[in-house]
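This is what each chain is made of:
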Amino acid sequence: MSDDAQLKRLRWRCRRGMRELDQLMLRYLDRQWAQDSDAQRGVFLQLLDCEDDKLWRWFMGYDTPDDVQIATLVQRIRQLPP
């Protein structure tokens, strides 16, 4: 799969139905994906598989993921400038 096709597929997966979540996920994809390692990209793919209600609670700071790598990524995404 070409990089463009992969990015389009990921962009579609970032659409969560909540504008705030969409913006956070797309912000990571646009600003960090290209320079992140394969391992970090794998964590993002795991994050995309999580349920929206969990994502919302994590990104709003109401809860913390049990997985340390996911928790670290959530924090990195939260710290990205708008």
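What counts, and where the lines are drawn
- Residues numbered from 1 in each chain as written.
- Predicted model: local features only at pLDDT ≥ 70, side-chain atom pairs only at ≥ 80, totals over all residues.
- Heavy atoms only, no water.
- Disulfide = S-S within 2.5 Å.
- Buried < 20%, exposed > 50% of the residue type's maximum accessible area, 1.4 Å probe, protein only.
- Helix = DSSP H or I, 4+ residues; strand = E, 2+ residues; numbered from the N terminus.
- Contact = heavy atoms within 4.5 Å.
- Phe/Tyr/Trp six-rings, centres within 6.5 Å; stacked < 30°, edge-to-face > 60°.
- Lys, Arg positive; Asp, Glu negative; His and termini not counted.
- Salt bridge = Lys/Arg side-chain N within 4 Å of Asp/Glu carboxyl O.
- Axes fitted to C-alpha atoms, helices over the stretch in contact; angles between N-to-C directions.
- Parallel < 35°, antiparallel > 145°, perpendicular 65-115°, else oblique.
- Left-handed = near helix turned anticlockwise from the far one by under 90°.

Summed over all chains, the structure comprises 0 disulfides. Looking at the unpaired cysteine 14, the closest cysteine sulfur is the one in cysteine 50, lying at 13 Å. By relative accessible area, cysteine 50 is classed as buried at 16%.

So, about the environment of glycine 61. Along the polypeptide, glycine 61 turns up in the loop between helix 4 (52-59) and helix 5 (68-79). Overall, glycine 61 belongs to the partly exposed group, its relative accessible area being 45%. Residues glycine 61 and glutamine 75, 14 residues apart in the sequence, show an inter-C-alpha distance of 9.2 Å.

Right, let's get into the environment of arginine 57. As for its position among the elements, arginine 57 is in helix 4. For arginine 57, the contacting residues outside a window of four places in its chain are Tyr62 and Asp63.

Moving on, we come to the packing of aromatic side chains. All chains considered together, the criterion is met by 2 aromatic pairs. Taken together through their ring pairs, the aromatic side chains of Tyr28, Trp33 and Phe44 make up a single cluster.

Here the focus is the side chain of arginine 27. When you line up the elements, arginine 27 lands in helix 2 (residues 19-31). No salt bridge is formed by the buried arginine 27. Its closest oppositely charged neighbour is aspartate 30, at 8.0 Å. Residues within four places of arginine 27 in sequence aside, it is in contact with Gln32, Leu80, Pro81 and Pro82.

Turning our eyes to something else, we now look at the pattern of salt bridges. Inspection of every chain in the model, using the stated rule, returns 4 salt bridges. The salt bridge involving arginine 76 is made with aspartate 36; its shortest N-O contact spans 3.1 Å. Residue arginine 76 is located in helix 5, and its partner aspartate 36 is located in the loop between helix 2 and helix 3 (38-48); the two are separated by 40 residues in the primary sequence. Judged by its relative accessible area of 26%, arginine 76 falls in the partly exposed class.

As a packed pair, helix 1 (residues 3-14) and helix 2 sit with axes 9 Å apart at the nearest point and diverge in direction by 160°. Comparing their axes, helix 2 and helix 1 come out roughly antiparallel. In this structure, helix 1 meets helix 2 at a crossing whose hand is right-handed. Seen from helix 1, the contacting residues are Leu7, Leu10, Arg11 and Cys14; seen from helix 2, they are Asp22, Met25, Leu26, Leu29 and Asp30.

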